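Working through the structure, step by step
The residues making up each chain are set out below.
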Amino acid sequence: MKKQLSYEQLEQKVVYLEQKLAALNNNNFGIDNEHFFQICENSKNAIALLKTPDNGKTFFISYFNKKAEAIENINRKKILGKKLIETFPSIKNSGFLDALKRVYQTGKTEEFPVVIYENTRIIQWRHNYIYKLSDQELVSIYIDETDKKNKEFELKEHREKLHLAMEAANYFSFEINLRLLKIITSEDVYENLGYNKNEIPILMIKAGSLIHPDDYRVIKKYLLTFPKNKPLEFNTEFRIKNKGGKWLWFIGTGKNTEWDNEGNPIKIVGLLKNIQKEKESLLKIKESEEKFKSLATLLPEVVYETDINGNITFVNLKAYEIFEYTPPDLQKGLNALQMIAPEDIPRAKKNIKKVLEHENTKGIEYTAITKKGKRFPILVYSNVIRRNNEVVGLRGIIVDISEHKNMLEKLRRSEENFHQLADNINDAFWLRSLNQKIVYANPACEKIVGKNFKRVFEDFSEYENWIHPDDKEDIIKKRTENFKHPETIHHYEHRIVRPGGQIRWVWIRTFPVFNEKGELYRRAGIASDITEQKHLLEQLTIAKEKAEESDRLKSAFLANMSHEIRTPMNGILGFAELLRDSFITSEEKETYLKIINSNGKQLLSLIDDIIDIAKIEAGQLNINKSYAYINPILDEIYLLFRREQKRLNKEHIDFILENPDDNYQIFTDIIRLKQIFNNLLNNAFKFTEKGFIKFGYQAIEEDGVGYFRFFVSDTGAGIPQEMASIIFKRFGQLKTKNYKNYHGTGLGLTISKGLTELLGGEIWFDSKIDNHTCGSTFYFTIPLIKNSEMNMEHIDKIENEIIMKKWAYLKILVVEDDEDNLEFLKRLLQKNGATVEIATTGEEAIELVKKDKSINIVLMDIRLPNMDGFETTQKIKAINPNIPVIAQTAYAQYNDREICLKSGCDDYIAKPLNKDVLFKKINHYIYK
């Protein structure tokens, strides 16, 4: 068999033939058809053979090779024999037709580029080579250079954009050859430095000579001592000399792109940026700050600066003097509010907020407090600090006004100055003579006390009527006693009844005023309305009590949770250890397994409760409503708890189900309905030792609104009145002297309340505890939907339980990577008669489905190595769309089912697997 030519050999042959064609043509030799068409059909270039019967006036297409057909996107059979101008009208204006005529007339080969436009836009570039073959034949060989030209233009455009961007950002490119220690930069950097074009070539050769010697040594040492085989990151600031001899700051960033065979970096590329302006700006700021701080040390007042959070960043020496702090205190972190008395801190925070929001504020007075607890009055003046048009902190002056305050006390004798001060304070202030007559009262007196303030301050009987009845006795007694000591300061705090009945809290301070001889001649008073502070204190007290109660409940819950987890775990681990004993009997083994199974279910129930309460509180619990008959649901619950009653040895208790005669239909989440009943009945059996437990429901309609009212009633311990407020709260657990050791998390009723509300209803209870009878009845409701409102198509779809059938001919593929789970599923399914195929990875599962067409159903673990269960399911469905896939996962997330279904699975079951649920789901897909 003849050996086929390789692509390279064929291409060489085509080139050879094309050269031969040119040679033959130049020598005016004829060319045989075999050679010509062999050349043309295998050529990588487009070739067209043109004939002219009229000495170059008209050209006809006599041949079009495959490449030309592809470039022109035309069927060559349809154009053979046609006029060239009719087939390609655009050549008339392109100059190509004229070129054909010239080649025909002169016989000289022409190279002719063609640009094709469409709506003034270039859409194609071609390069033509035109040869004369004979008196009647021309050949055109041309190349489509559109892609090449487009890339060239794109590259040029990108380079221009990059150049413009770098110029706009003041960036320049550079390259460092580490072997030669040679720096190569663009010419732009030298122009930026003021050098002319004649100087640039020499400077580019000796670029390193322009770098400051100190900086050059540092850079050189860094580059030459860099470790081998590591990426070399170049990011440093250095100085370069400009034309005028000034050193300008630049920053260079880049990294190495090449290493030699020994791992040494040999080439760095990167960008330079002129940062002289930034350096000068920072220098000016630094100089300004140093001047500011230097001047601040000379001022007799405190000068300070803080960050946006109030942490002090600078203070002058005066601050250490008057506030008694030390520089180390500042280094540890000192907040400006630490120097304000506690009672003034809320007001200070509000004022700071106003300053930060650009409100104009004058000097604000506070009571300052030193490190040692000394208190004194201050005035604070402040404004914002800005950097880059952003507020970064506060700057201000603090003035110690202790002496000023003392002076004001002396100036109070001057009526005018006294009024200026008193009239502008928010607290009520008054001055009274020794015979109880008002000398002065500021406007705030009427605001706080009322229009009758003068009678209240002058007439003791009026003052008594002003006091709230509950505070009157104590205040009158205290005031009577204080009258005996007019030279001392007196304090009062009580409620008042304002005209109109409004009750307010006031704080009153009265003090003596002495003349220059030290003689008592007047008494002054200040009254503040502290109602809001009192309300705030009450709220804080209530919040504190709630927090303490919540903390107590949480502590009790955690202790209880530890017990609830450890108890079943002890049972599981203990009896698992006993199973290892080779001498145990079959009966003992069966007993141990039942205990392990029971404790496992108890532990799983505990985990489910914790997950449910978390979902409810996060608003992520899904409700899946469907139509169902109520009586069969309650019958199922009744049978379940009959078995539980026997297990608990409480068969002496009457357990009663009260269903109405009518079998009502309900539209709700059936699983959550059962969960509510399970929680309530578990509690009933837990706290009932004699009497009865009954449950059921009634259909009720009130004011045109229908609902089902379900109930669980017992003659158990009852619920004390003091527990009524927390019984439905999280961690709220009933504790009585007779029932102290019951298991439980305290979450059951909380979950039931959350589920009931999600189902559109409400839950409550009645309880009684006395010497003769005890017990509780829990009620909960679910809205009733009338028959006329029901979707009958959904009702018709209520399915009966599928009867379990033997799986003699059933083949199940189990995809699971956990050995224990795999062994469990294998034995469980084989025991029921099924044939089990096993795959531990997604790839194995796909191969089995491809090879074995008899697989009836797939159990798919979601968490698999490499390819997860979702991706595996999608690929299996692509092979066999009809094969059912049931996902199994231990993630236990609230939206697992939706995720599995969206990924192509037909159904979903959560781990640990429930055998009955698994069998029902398999039967549903096998026998549907």
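For the structure, check the block above.
Description of the structure in this document. (Residues numbered from 1 in each chain as written. Predicted model: local features only at pLDDT ≥ 70, side-chain atom pairs only at ≥ 80, totals over all residues. Heavy atoms only, no water.)

Taken together, the side chains of Asp-817, Asp-818, Glu-819 and Asp-820 make up a negatively charged region of the molecular surface. Looking at the element boundaries, Glu-819 is found in helix α28 (residues 819–831). For Glu-819, a relative accessible area of 67% corresponds to the exposed category. (Patch = residues over 30% accessible without salt bridge, like charges linked within 9 Å, V, L, I, M, F, W, Y side chains within 5 Å. Areas by Shrake-Rupley, 256 points an atom, 1.4 Å probe, with all protein chains shown as cover. Salt bridge = Lys/Arg side-chain N within 4 Å of Asp/Glu carboxyl O. Lys, Arg positive; Asp, Glu negative; His and termini not counted. Charge placed at Lys NZ, Arg CZ, Asp CG, Glu CD. Helix = DSSP H or I, 4+ residues; strand = E, 2+ residues; numbered from the N terminus. Buried < 20%, exposed > 50% of the residue type's maximum accessible area, 1.4 Å probe, protein only.)

Once that is clear, we can look at unusual backbone geometry. Although it is not a glycine, Asn-55 adopts a positive phi angle of roughly 55°. With respect to the helices and strands, the residue Asn-55 is situated in the loop between β1 (46–51) and β2 (60–64). Owing to a relative accessible area of 55%, Asn-55 belongs among the exposed residues under this scheme. Phi angles above zero are rare outside glycine, and Asn-866 is one such case at about 65°. Among the structural elements, Asn-866 can be located in the loop between β30 (857–861) and α30 (869–879). For Asn-866, a relative accessible area of 73% corresponds to the exposed category.

This next bit is on the packing of aromatic side chains. Inspection of every chain in the model, using the stated rule, returns 19 aromatic pairs. Plain terms: the ring middles of Phe-677 and Phe-710 are 5.6 Å apart, the flat faces sit at 85° to each other, and that makes the pair edge-to-face. You can see Phe-677 sitting in helix α25 (residues 670–687) and its partner Phe-710 sitting in strand β25 (residues 705–714), a full 33 residues away along the chain. Here Phe-677 matches Phe-710 in class, with each residue buried. Three or more aromatic residues link up through ring pairs in this structure, and these residues are Tyr-638, Phe-641, Phe-655, Tyr-664, Phe-677, Phe-685, Phe-695, Tyr-697, Phe-708, Phe-710 and Phe-780. A cation over an aromatic ring shows up here: Lys-279 above the ring of Trp-249, its NZ or CZ 4.6 Å from the ring centre. A cation over a ring is seen here: Lys-534 above Trp-505, with NZ or CZ 4.4 Å from the ring centre. (Phe/Tyr/Trp six-rings, centres within 6.5 Å; stacked < 30°, edge-to-face > 60°. Lys NZ or Arg CZ within 6 Å of the ring centre and 35° of its normal.)

Over its 18 residues, helix α24 (residues 630–647) runs 26 Å from end to end, which matches the ideal 26 Å to within 8%, given 1.5 Å per residue. Taken together, the buried positions of α24 are Ile-630, Asn-631, Ile-633, Leu-634, Ile-637, Phe-641 and Gln-645. One side of α24 holds all its buried residues, which, seen down the axis, span an arc of 145°. Exposed residues lying more than 90 degrees from the buried face of α24 are Leu-639, Arg-643, Lys-646 and Arg-647. On its buried side, α24 packs onto β21 (626–629), β22 (654–658), β23 (665–668), α25, β24 (692–702) and β25. Just past α24, the residue Asn-649 takes up positive phi, approximately 60°. (Expected span 1.5 Å × (residues − 1). Arc of directions from axis to C-beta. Contact = heavy atoms within 4.5 Å.)

For helix α15 (residues 345–356), built from 12 residues, the straight-helix expectation of 16 Å at 1.5 Å per residue is met to within 8% by its first-to-last C-alpha distance of 16 Å. Buried within α15 are the following residues: Ala-348, Asn-351 and Val-355. Axial view of α15: buried residues confined to an arc of 65°, hence all on one face. Among the exposed residues of α15, those oriented more than 90 degrees off its buried face are Lys-349, Lys-350 and Lys-353. Tucked inside the fold, the buried residues of α15 contact β13 (364–369), β14 (375–387) and β15 (390–400). Looking one or two residues beyond α15, the residue adopting positive phi is His-358, at roughly 70°.

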